[in-house]
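Structural overview for review
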Amino acid sequence: MSRKRALITGITGQDGSYLAELLASEGYEVHGIVRRIALEDPDHRLRRIQPLLDQITLHVASLESYASLHTAVEEVQPDECYHLAAQSFVTYAFDDEFSTLNANINGTHYLLSAVKRLVPKCRFYFAGSSEMFGAAEESPQRETTRFRPRSAYGISKVAGFDLTRNYRDAYGLWASSGILFNHESPRRGYEFVTRKITSGVAKIVLGKESQLRLGNLRAQRDWGHAKEYVHAMHLILQQERPDDYVIATGTCHTVEEFVAAAFASVNLDWRDYVISDASLYRPAELHPLRGDASKAERELGWRAKTDFDQLVKEMIQADLSGQRLRQAAS
Ligand code: G4F
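Everything in this summary refers to the structure shown in the same document. (Residues numbered from 1 in each chain as written. Predicted model: local features only at pLDDT ≥ 70, side-chain atom pairs only at ≥ 80, totals over all residues. Heavy atoms only, no water.)

1. Considering the site of the ligand
Taken together, 23 residues surround the ligand, and among them Ser88, Ser129, Arg221, Arg282 and Glu285 come closest. Separating an oxygen atom of the ligand from a side-chain N or O atom of Arg188 is a distance of 2.8 Å. Between the ligand and Lys196, the relevant distance is 2.8 Å, taken from an oxygen atom to a side-chain nitrogen or oxygen of the residue. Across the complex, the protein chains shield 96% of the 720 Å² of accessible surface that the ligand would expose by itself. Residue classes in the shell around the ligand are distributed as 10 nonpolar, 6 polar and 7 charged. (Near = heavy atom within 4 Å. Polar contact = N/O pair within 3.5 Å; in protein donor to acceptor, adjacent residues only side chain to side chain. Areas by Shrake-Rupley, 256 points an atom, 1.4 Å probe, with all protein chains shown as cover. Nonpolar A, V, L, I, M, F, W, Y, C, P; charged D, E, K, R; others polar.)

What follows is the structure in structure tokens.
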């Protein structure tokens, strides 16, 4: 039997790199879409998929260009398409709503349209987000909870989710969404709060920084491990019929709890180092979000395994090792 072909948008990111590893280990032929700029700066932009480069094929395309996505889908003829690429940092979405909405909504629409036209039997995964729940009316949030997004990013994800569902209902496309709550790892970008904290702690331990400036310490999130969450993406596309699933741990923590655990793991008291800076607060904060992933557990056999303290420790250890290597090399 020939190998299944997967096409991943956002392959250079945290989730894309874990997913590419998983699919390659499952025997898939893995293709990824990257922007031209990634090939011009491979050391930086392809760093997460560096060890995989001889096992995957990259195609240059942009979420802003239907023609480029059409060409990539035509070349790859995927059996499964995982659409992870997005402008995904919520703070940027407040700064530049127009480009977030354009790239995230049009990019999803272009890709769905190309898949429908060129490979109508392809299974399509859309990366939905807990940001879609926004000011949610109930807790925990599940698949039936009404979306009340509070940012351009959340609005763009609701639009992508609705487009995906509409291609399923109107055109019979095998299209599913995962509604993923926050998921972190040592591969998380430095702009997100967890990595900002763990890299900041590592720099403080090594004497490179003396303080850590954060925004709202009372904000709460349901944080899981990204490596486990990409397993859920794969499982979602292996079901008998397309559907939507919440993927979460079901446990909520404040940013302050993350900070405290991170400093405690290196025997420091966070109060000696952390400043909460009102200029880093968001114009609109979410209601505390906590996901109910019982449908995923029932139907996919998936549940989060890594607990909060393990996640914090793994990220701290990775940042400490990385910073020490950098220090030794300089
Ligand atoms: O780490 P964050 O920037 O992630 P956020 O906004 O929850 O979004 C992430 O998770 C979503 C759900 O999976 C994704 F859809 C999205 O693409 C992204 O991956 O912020 C988390 C919380 C916020 O409440 C923020 O106000 O941390 C608070 N925070 C406090 N101080 C900070 C900071 N966030 C950042 N980035 N930097 C701070 O200094």
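2. Some words on the pattern of salt bridges
Per the stated rule, a full pass over the model turns up 17 salt bridges. Close ionic contact of Arg241 with Asp243 constitutes a salt bridge, the shortest N to O distance being 3.5 Å. A relative accessible area of 51% means that Arg241 is categorised as exposed. Between Lys295 and Asp243 there is a salt bridge, with the nearest N and O atoms lying 3.1 Å from each other. Here Lys295, found in helix H11 (residues 294-300), pairs with Asp243, found in the loop between helix H9 (226-236) and strand S11 (244-247); they are 52 residues apart in sequence, far enough to count as distant. In this pair, the class of Lys295 matches that of Asp243, namely buried. (Salt bridge = Lys/Arg side-chain N within 4 Å of Asp/Glu carboxyl O. Buried < 20%, exposed > 50% of the residue type's maximum accessible area, 1.4 Å probe, protein only. Helix = DSSP H or I, 4+ residues; strand = E, 2+ residues; numbered from the N terminus.)

3. Here we look at the side chain of Thr100
Mapped onto the fold, Thr100 is located in helix H6 (residues 97-118). Accessibility expressed as a relative area gives 0% for Thr100, which makes it buried. A polar atom in the side chain of Thr100 sits 3.2 Å from the backbone oxygen of Asp96. Excluding its chain neighbours within four sequence positions, the residues that come into contact with Thr100 are Gln87, Tyr92, Ala93, Ile105, Ala152, Tyr153 and Ser156. (Contact = heavy atoms within 4.5 Å.)

4. Some words on the state of the cysteines
Think of a disulfide as a covalent bridge from one cysteine sulfur atom to another cysteine sulfur atom. One pass over the structure, following the stated rule, counts 0 disulfides. Free of any disulfide, Cys81 has its nearest cysteine sulfur in Cys122, 5.3 Å distant. Given a relative accessible area of 0%, Cys81 falls into the buried group. (Disulfide = S-S within 2.5 Å.)

5. Digging into H6
Counted at 1.5 Å a residue, the expected span for H6 with its 22 residues is 32 Å, and the 31 Å between its end C-alpha atoms agrees. Taken as a whole, H6 has its buried residues at Thr100, Ala103, Asn104, Gly107, Thr108, Leu111, Leu112, Ser113, Ala114 and Val115. The secondary structure elements touched by the buried residues of H6 are strand S1 (5-9), helix H4 (66-76), strand S4 (80-83), helix H5 (90-95), strand S5 (123-129) and helix H7 (152-171). (Expected span 1.5 Å × (residues − 1).)

6. Re the pairing of strand S6 (residues 174-180)
Where burial is concerned, most of S6 is hidden: 7 out of the 7 residues are buried. Burial of the side chains of S6 extends over both faces: Trp174, Ser176, Gly178 and Leu180 are buried on one face and Ala175, Ser177 and Ile179 on the other. Sheet topology places S5 next to S6; 7 bridges connect them, and they run parallel. Among the inter-strand pairings, Arg123 is bridged to a residue of S6, identified as Trp174. Crossover connection from S5 via H7 to parallel S6: handedness right-handed. (Pairing = 2+ DSSP bridges. Right-handed = clockwise from strand over helix to strand, strands pointing away.)

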